[in-house]
Amino acid sequence: MRLELGSFPVADVQESDRLSYADGVLGVDTEALRQLVLEGGEFADVSVHLVRPGDQTRLIHVIDAAEPRFKPAAGSTFPGFCGPVEMVGEGGTHRLAGVAVVTTSDLVAGDPVYAPEAIIDMSGPAADLTPLSRTVNVVLELEPHPKYLRPDTPDGELQSLVYRRQIRATELKVASHLARVTEGLRPERVVTYELSKPARTLPRVAYLLHDIPWMYGALSASPDSEAYGSLPTLMHPNEVLDGALVSIRDYEGCSRDATYFYQNPSILSELYRRHGVDLDFVGVVLFTGGPDMDAKRLACEYAYKLLRMLDVQAVCASSSPSGNPWVEFMMFCQRCERGGIKTILAMPEEVGAPEDHGFSHYVPEAVAIVSTGRASQEIELPRVSTVIGGSELHEVSDSPVGPVSVPYTSIFGVSSNIGQSWLTAKEY
Amino acid sequence: MSKTRVVHYINQFFAGIGGEDQANVGPSVVEGPKGPGLVLQKILEGSGEVVATIYCGDNYVNEFEEKARDAFVEYLRRYQPDVVLAGPAFTSGRYGLACGLVCAIARELGIPAVSAMHPENPAVELYRSRVHIAPTAATTAEMLDSMSRASTLALKLAGDQPIGPAAEEGYLSRGLRYSQVASDDVGVRTVDMLMKRLRGEDFDTEWPVPTYDRVRPAPPLEALEQSTLAIVTSGGVVPKGNRDGLQSARATRWYSYSIAGRPSLSSEDWESIHGGFDTTHANRDPNRIVPLDVLREFEARGAFARLADTMYVTTGNQSGLENAIRFGEEISDELVKTGVDGVIFVAT
């Protein structure tokens, strides 16, 4: 499988009377985007904002972000959401590099009560911590349709789940629409992704992605559904890079696995970069875990079996962003280490005061952990001139205009171990 | 710039008074450096000065801690140091404890303090969270190196300079973890660690796992029909309105509520504030989190003797182990006091 990802770099975005791309400037007709968002009848209203790195702007109540993609030949950009379900990861794909479509929304009925703040600052100290502060962002400030404020749908499905999916569908529709501007143009730079056989024998390594995204538009698993606990499955890394996975969960901001992060994954890209040089990258295992001990054990046994069939010596694993699934993450580590597969874990330290060790669960075999930061620590956010996404924060009474102190937990993506994150924690 | 004023603490042996036979000698203070303090003074040279040396017998400090404490407080007030340096104590346990005590007292008085000792000195566990301790070798052979590590830290602390991570600054971890920005992203760091492991090279985990602990399950109740059972839940089920403000995640508290005379938990009076799952269905019928209705049926049927009048509630969502262990100890104390034989622990 050979993926040719062609980049169209975007340095700035401007309001325009039509969609355009020239000299690194993306022209956006925000009124047309508004109509595109509202045509489905899922939102009471939407405001479209264009924000840039360095702006004195704070986005709050961020839901997700996606990089605009377009397939010059036929094919789905986000299969199951935009276009039919068909395999991605092969052929040519255009990307608007340096742009993200970012969605914000208030809570709806059934949303988790811990009320994720999920903040993106376009300047200041928090802007050093996430790639989404470094992108030019087309922000969709969404207002849910009143039907989503009732607890459940007539057929009993939870409104919050339905609404979350609608947000993603709309975001991806806008992302696909924007990237269509590259139709007929030649990308400035093309990177080819292919797991060709290395010229010499190198250690075989896999990437285990512990998470519960939508995969090809289908609910791979969710803690809110009975699908939590589906069996681990094998993916080609190109599928991950090319839009097969879409963020499902509106979990705490710091470790939110944005769709943008699946499209621009950190560990996966690094394994690819060193494929054929230091190591032989053989594939990705999507590991969803399970709700009870038997389901967790089965998931671990099954993932371990897939890795054995792939004949790997080692695996890099990035954790799901929450408490209960950290149990199966550690169990997986134990299973692999006992079975002779060296396991490197990447995970955030979400719990506890500085003096707590911070683990919800741990095994003695977890000897190689990369920390994506102690999320309960506070960070001071400066005053900004513009706030998008709401007028107040859920968990802090201070105005979101700032200055305001929030835990890292509230900063979008800073502890993501799927996307790029620079946060770590050290012993003092 | 004026020189940093250092008060040095040593034991009776390093003060030249004598060994074990003099370990009961009481506290004293002299102006200027003494014994290993001469090494310290040389290291400090232009930047600092050992203004006084406190010394005391190791046994005296540990047997008459209150008296020793009073003397140390008086000496520190008299000499007003910018920083206190105690030791190095190497592997000597009692000397280490005395160093730890002097440093802890200094900290209470608002004076920065540093000690130096071997990582396995028993005083390390006791004082590491309160005092910066520079690691030393097991023996006095490395006095110069040990003293120089400790004095570097001492000067930094005295100058109010920020102290970086333990591994970078050369002190024993105080068991505190703080976020900081790394130079490489998570992908580069993960694959670097992978390659080091694959090549059999040394590598450092960024997050060490604690020593393993296991809970042995209690034996089954011998006569369930004669037993009093209590409900303990981490499901965050509280009286509606959450008057006590129980947290929905990372709970630091637990609460007890009376269920005396209640046949079940009505949705009018109870709700779950748990933040880890969608509570829509739970709040429609709180008995589905805490099955009081079913337990009352079993109670009436005589399956067990009695349900305790109090239930114990916290939120089990991203809980830190330290808090969880404390909740367990505190709640089980109450259960034992009130004559409860067994617990239905309802998790979510």
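Residues numbered from 1 in each chain as written. Chains lettered and ligands numbered in written order. Predicted model: local features only at pLDDT ≥ 70, side-chain atom pairs only at ≥ 80, totals over all residues.

A few words now on the overall build of chain B. Per the secondary structure count, chain B includes 11 helices and 13 strands. For chain B, the C-alpha radius of gyration of 28 Å lies well beyond 20 Å, the compact-globule estimate for 348 residues. Per-residue burial for chain B yields a buried fraction of 43% across its 348 residues. (Helix = DSSP H or I, 4+ residues; strand = E, 2+ residues; numbered from the N terminus. Rg over C-alpha atoms; globule rule 2.2 N^0.38 Å. Buried ≥ 20, exposed ≤ 12 C-beta atoms within 10 Å, placed from the backbone.)

As a further point, take the overall build of chain A. For chain A, the helix and strand inventory stands at 7 helices and 26 strands. A globule of 428 residues ought to have a C-alpha radius of gyration of about 22 Å, and chain A, at 21 Å, matches this closely. If one aligns the C-alpha atoms of chain A with their principal axes, the spans along those axes are about 60 × 50 × 50 Å. The burial tally for chain A puts 57% of its 428 residues in the buried class. Contacts in chain A between residues at least 24 apart in sequence constitute 80% of all its contacts with a sequence separation of at least 6. (Contact = placed C-beta atoms within 7 Å.)

Within a sheet, neighbouring strands are paired by backbone hydrogen bonds and run either parallel or antiparallel to one another. Residues and elements named next belong to chain A. One open sheet holds the 3 strands; their spatial order is E11-E6-E24, and the pairing between them is mixed. Either end of the sheet is taken by a strand with one partner, and the two such strands are strand E11 (120-121) and strand E24 (386-388). Across 3 bridges, the pairing between strand E6 (residues 57-59) and E24 is parallel. By the bridge assignment for E24, Thr57 is matched with Thr386. (Pairing = 2+ DSSP bridges.)

What follows concerns the interface of chain B and chain A. At the interface, 49 residues of chain B touch 63 residues of chain A. Of all elements in the fold, only helix H7 (166-169), strand E7 (177-181), helix H8 (186-198) and helix H11 (321-337) of chain B reach the threshold of two or more residues within the side of chain B that touches chain A. Tallying contributions element by element places H8 of chain B first for the side of chain B that touches chain A, with 11 residues. Its residues assigned to classes, the side of chain B that touches chain A comprises 23 nonpolar, 17 polar and 9 charged. (Nonpolar A, V, L, I, M, F, W, Y, C, P; charged D, E, K, R; others polar.)

For the rest of this paragraph, the subject is the pairing of strand E1 (residues 4-11) of chain B. Residues and elements named next belong to chain B. With 7 of its 8 residues buried, E1 lies for the most part within the structure. Sheet topology places E1 next to strand E3 (residues 48-56); 8 bridges connect them, and they run parallel. Along E3, the bridge assignment pairs Ile10 with Tyr55. Where E1 meets strand E4 (residues 83-86), 4 bridges bridge the pair, whose relative direction is parallel. From the neighbouring strand, Val7 faces E4, where its bridge partner is Val84.

Looking at the element boundaries, Ile212 of chain A is found in the loop between strand E14 (204-210) and strand E15 (214-215). For the pair Ile212 of chain A and His357 of chain A, spaced 145 residues apart in sequence, the C-alpha separation works out to 26 Å.

Residue and element names in this part refer to chain A. Sheet architecture is open: 3 strands sit in the order E2-E4-E3, paired in mixed fashion. Each edge of the open sheet is held by one strand with a lone partner, namely strand E2 (12-15) and strand E3 (20-22). Averaged over all pairs of adjacent strands, the angle between their axes in this sheet comes to 20°, without regard to strand direction. Note that E2 and strand E4 (residues 25-28) share 4 bridges and pair parallel. Bridge assignment links Val13 to a residue of E4, and that residue is Leu26. (Axes fitted to C-alpha atoms, helices over the stretch in contact; angles between N-to-C directions.)

Right, let's talk about the nonpolar core for a bit. The nonpolar side chains of a soluble globular protein tend to be buried, and buried together. The biggest cluster of nonpolar side chains holds 130 residues, and the ones touching the most others in it are Val101, Val205, Leu271, Ala303, Val315, Cys316 and Leu345 of chain A. Of all hydrophobic cores here, the second largest spans 56 residues; its members include Tyr9, Ile54, Val131 and Met147 of chain B. (Core = buried A, V, L, I, M, F, W, Y, C linked by C-beta atoms within 7 Å.)

For the peptide bond that leads from Gly402 of chain A to Pro403 of chain A, omega is 0°, which places it in the cis range. Note that Pro403 of chain A resides in the loop between E24 and strand E25 (404-407). With a phi angle near 50°, Ala118 of chain A is a residue other than glycine that sits in the positive phi range. Look at Phe90 of chain B: it is not a glycine, yet its phi comes out positive at around 50°. You can see Phe90 of chain B is positioned in the loop between E4 and helix H4 (93-108).

Attention now moves to the packing of helix H6 (residues 293-309) of chain A against helix H7 (residues 325-338) of chain A. Residues and elements named next belong to chain A. Interhelical geometry of H6 versus H7 gives an angle of 40° and a closest axis separation of 9 Å. Regarding the angle of H6 to H7, the classification is oblique. The crossing of H6 and H7 is right-handed. Every residue of H7 that contacts H6 at Lys296, Ala299, Cys300, Glu301, Ala303, Tyr304 and Leu307 is listed here: Val327, Glu328, Met331, Phe332, Arg335 and Cys336. Of the residues that constitute the contact of H6 with H7, the class distribution is 9 nonpolar, no polar and 4 charged. (Parallel < 35°, antiparallel > 145°, perpendicular 65-115°, else oblique. Left-handed = near helix turned anticlockwise from the far one by under 90°.)

All names here are of chain A. As for its position among the elements, Ala299 is in helix H6. You can call Ala299 buried: it has 25 C-beta atoms within 10 Å. Once the C-alpha coordinates of Ala299 and Ser176 are considered, the two residues, 123 residues apart in sequence, prove to be 34 Å apart.

So, on to helix H5 (residues 266-273) of chain A. When you tally the buried positions in H5 of chain A, you get 7 out of 8 residues, the bulk of the element. Along H5 of chain A, the positions that sit buried rather than exposed are Ser266, Ile267, Leu268, Ser269, Glu270, Leu271 and Tyr272 of chain A.

All right, on to helix H2 (residues 159-179) of chain A then. Compared with an ideal rise of 1.5 Å per residue, which puts 21 residues at 30 Å, H2 of chain A spans 30 Å between its outermost C-alpha atoms and is within 8% of the ideal. Here H2 of chain A lies mainly inside the structure; 15 of its 21 residues are buried. (Expected span 1.5 Å × (residues − 1).)

This part takes up the packing of H5 of chain A against H8 of chain B. Two numbers describe how H5 of chain A lies on H8 of chain B: the axes approach to 7 Å, and their chain directions differ by 55°. With respect to their mutual orientation, H5 of chain A and H8 of chain B come out oblique. Considering only the axes of H5 of chain A and H8 of chain B, their crossing is right-handed. On the side of H5 of chain A, the interface is formed by Ser266, Ile267, Ser269, Glu270 and Leu271 of chain A, while H8 of chain B contributes Val186, Gly187, Val188, Thr190 and Val191 of chain B. Here the residues of the contact of H5 of chain A with H8 of chain B sort into 5 nonpolar, 4 polar and 1 charged.

Quick look at the pairing of strand E20 (residues 314-318) of chain A now. Residue and element names in this part refer to chain A. E20 sits mainly inside the fold: 5 of its 5 residues count as buried. Both faces of E20 are covered, namely the face carrying Ala314, Cys316 and Ser318 and the face carrying Val315 and Ala317. Sheet analysis places E14 next to E20, joined by 5 bridges and oriented parallel. By the bridge assignment for E20, Leu208 is matched with Ala317. Here E20 runs beside strand E21 (residues 342-349); their pairing, made up of 5 bridges, is parallel. Bridging from a neighbouring strand, Val315 pairs with Thr343 of E21. Taken together, E20, H7 and E21 form a β-α-β motif whose crossover is right-handed. (Right-handed = clockwise from strand over helix to strand, strands pointing away.)

Attention now moves to the confidence of the model for chain B. As a general rule, the predicted coordinates of low-pLDDT regions are not to be interpreted in detail. Per-residue confidence for chain B gives a mean pLDDT of 92, with 98% of residues at or over 70. Confidence estimates for the predicted assembly give a pTM of 0.80 and an ipTM of 0.95. (pLDDT = per-residue confidence, 0-100.)

With that out of the way, let us pick up the environment of Met311 of chain B. All names here are of chain B. Along the chain, Met311 falls in strand E12 (residues 306-313). Along the sequence, Met311 and Ala230 sit 81 residues apart, while their C-alpha atoms lie 6.4 Å from each other. The contacts of Met311, once residues within four sequence positions are left out, are Ala230, Ile231, Thr233, Ser256, Tyr257, Ile259 and Val290.

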